[in-house]
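# Summary of the model geometry
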Amino acid sequence: MSKISDIFKSHLKDFKPYKGGKSRDEINSNGKKLYKLSSNENILGPSPLALQAIQNEIHQVSQYPDRTDTKLRNALSEFYKETLSPKQFFTANSGVDVLDLICRAFLDHNSEVIISSPTFKPYILFAKKMGAKVIDIPLNPEEFSYDANAVLAAINENTRLVFLTNPNNPTGNIIPKQIVNKIINEVPDHVVVVHDEVYFQFAEEQTDYSQVVDQVNEGKAVIAVNSFSKAYGLAGMRVGYAYTTEEIAQYVSQFRRPFMLNKLGLAGAIAALKDDAFIDKTKALIRKEKTYLYQALDDLQIKYWKTAANFILIKPEMDDKIFEAKMLEEGIMVRPVANFGADECIRVTIGDREANTAYINALKKVMNE
Ligand SMILES: Cc1ncc(COP(=O)(O)O)c(C=O)c1O
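Conventions adopted
- Residues numbered from 1 in each chain as written.
- Predicted model: local features only at pLDDT ≥ 70, side-chain atom pairs only at ≥ 80, totals over all residues.
- Heavy atoms only, no water.
- Salt bridge = Lys/Arg side-chain N within 4 Å of Asp/Glu carboxyl O.
- Helix = DSSP H or I, 4+ residues; strand = E, 2+ residues; numbered from the N terminus.
- Buried < 20%, exposed > 50% of the residue type's maximum accessible area, 1.4 Å probe, protein only.
- Pairing = 2+ DSSP bridges.
- Contact = heavy atoms within 4.5 Å.
- Axes fitted to C-alpha atoms, helices over the stretch in contact; angles between N-to-C directions.
- Domains from an automatic or database assignment.
- Buried area = accessible area lost by both parts, 1.4 Å probe.
- Polar contact = N/O pair within 3.5 Å; in protein donor to acceptor, adjacent residues only side chain to side chain.

### Description of the pattern of salt bridges
Counted by the stated rule, this structure contains 19 salt bridges. Two residues, Lys274 and Glu78, come together in a salt bridge whose shortest N-O distance is 3.0 Å. With Lys274 in the loop between helix H9 (263-272) and helix H10 (276-299) and Glu78 in helix H2 (residues 70-79), this pair connects stretches of sequence that are 196 residues apart. We classify Lys274 as exposed; its relative accessible area is 56%. One salt bridge connects Glu205 with Lys283, and the closest N-O pair in it is separated by 3.9 Å. In this pair, Glu205 sits in the loop between strand S6 (192-196) and helix H7 (213-217) while Lys283 sits in helix H10, placing the two residues 78 residues apart along the sequence. The exposure class assigned to Glu205 is exposed, which follows from its relative accessible area of 51%. Through salt bridges with shared partners, a single ionic network connects Glu204, Glu205, Lys283 and Arg287.

Listed below in structure tokens is the structure:
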């Protein structure tokens, strides 16, 4: 043994961790108003009920939070109208933390996972971190449809996880429930289906979209991944949860850490679950602004994909990094998503009318320069 790096895990030698989108503080906007449309946050801010609960709790932060997440799991069970019991949930510090727990619980050097790019990058990184092999069965490159037959054909005895991102990030489309069911019903018994539904609130009005509560309650090996970062406007609090069978929830929970969720996150999340008015307001805004943006993008003849989430993927026919920089000069933060597998595409969060107008005006300027 000659140097300390000799004891580092060799499969992590060239590992590049997930960076996430830039924060506002990293950007110098030269005094110009900055619209952050790069991280799919809620432009309306946090749920007011959550904010109140966080404020009520803030003076207690010298004390440890509850030893367990029981109160949040009870609140989740109530939120799902007791179709799921508190024992069917596990919680973590965000959606990505839920994904990391799942990868730690099921993967090792002998495992394989299946993803379908373009999609959320952390699946790949978390699986690789565990030494697992990542098999990509890409979405159709034109309309990003999911190839269930190819995914099922790629499963072998080493496969442990199949990731379904529904709605998908960065493409914004859904996997119709018949296809989700096909995967869930046809995977062999040694495979867990991970249904990442962190944008479900924006898709639930579509008739061919569904969460996977019924399949979980039929005892299928499915884990649904959720987050408080998107519709609830609590990205900064870092709270996520999953629902699954009681058996799987109990197993994955063994990988949680003591006092995992902090006091403010717990209080905010529990209160947010009761904030139906805020969710309705958020959904109405996205519905309305989506129509406005589709029209504006049509008028500008910019290629885009219809969305079932709170962002729209566009292809501006310009180098993505140059596009990002030019939009930033106009005060608009957008997200190139080549690293998610969508070359030359840009993901833009749907804002309110002020932000969307600023975005479209910037787009007009940048495209006509
Ligand atoms: C598809 C998908 N899953 C999970 C997450 C994780 O969200 P968070 O870690 O903020 O809860 C995100 C966030 O962008 C996402 O887009």
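### Section: the sheet that holds strand S12 (residues 335-336)
Pairing between sheet strands relies on hydrogen bonds along the backbone, with the strands arranged either parallel or antiparallel. With antiparallel pairing, the 4 strands of this open sheet are ordered in space as S9-S10-S13-S12. Only two strands of the sheet have a single neighbouring strand rather than two, namely strand S9 (303-304) and S12. Taken together, the 4 bridges between strand S10 (residues 311-315) and strand S13 (residues 346-349) define a ladder with antiparallel strand orientation. Bridged to Phe311 within S13 is Thr349. Most of the contacts of H10 go to S10, to which it runs at about 10 degrees, and overall it touches S9 and S10.

### Focus on the domain arrangement of the protein chain
Domain assignment breaks the protein chain into domain 1 (17-45 + 276-368) and domain 2 (48-272). With 27 residues of domain 1 at the contact, the number on the domain 2 side is 30 residues. Taken over both partners, the interface formed by domain 1 and domain 2 buries close to 2300 Å², and the fraction arising from carbon and sulfur atoms is 62%. Inspection of the domain 1/domain 2 interface yields 3 salt bridges. Where domain 1 meets domain 2, there are 9 residue pairs in polar contact (both at pLDDT 80 or more). Among the elements of the structure, H10 and S10 are those that each provide at least two residues to the side of domain 1 that touches domain 2. The greatest single-element share of the side of domain 1 that touches domain 2, amounting to 6 residues, is contributed by H10.

### Some points on the pairing of strand S3 (residues 112-115)
With burial as the criterion, each face of S3 is covered, one bearing Glu112 and Ile114 and the other bearing Val113 and Ile115. The pairing of S3 with strand S4 (residues 133-136) spans 4 bridges and is parallel. Counted as the bridge partner of Glu112 is Lys133 from S4. Two elements, S3 and strand S5 (residues 159-165), share 3 bridges in a ladder whose sense is parallel. Note that in S5 the partner of Val113 across the bridge is Leu161.

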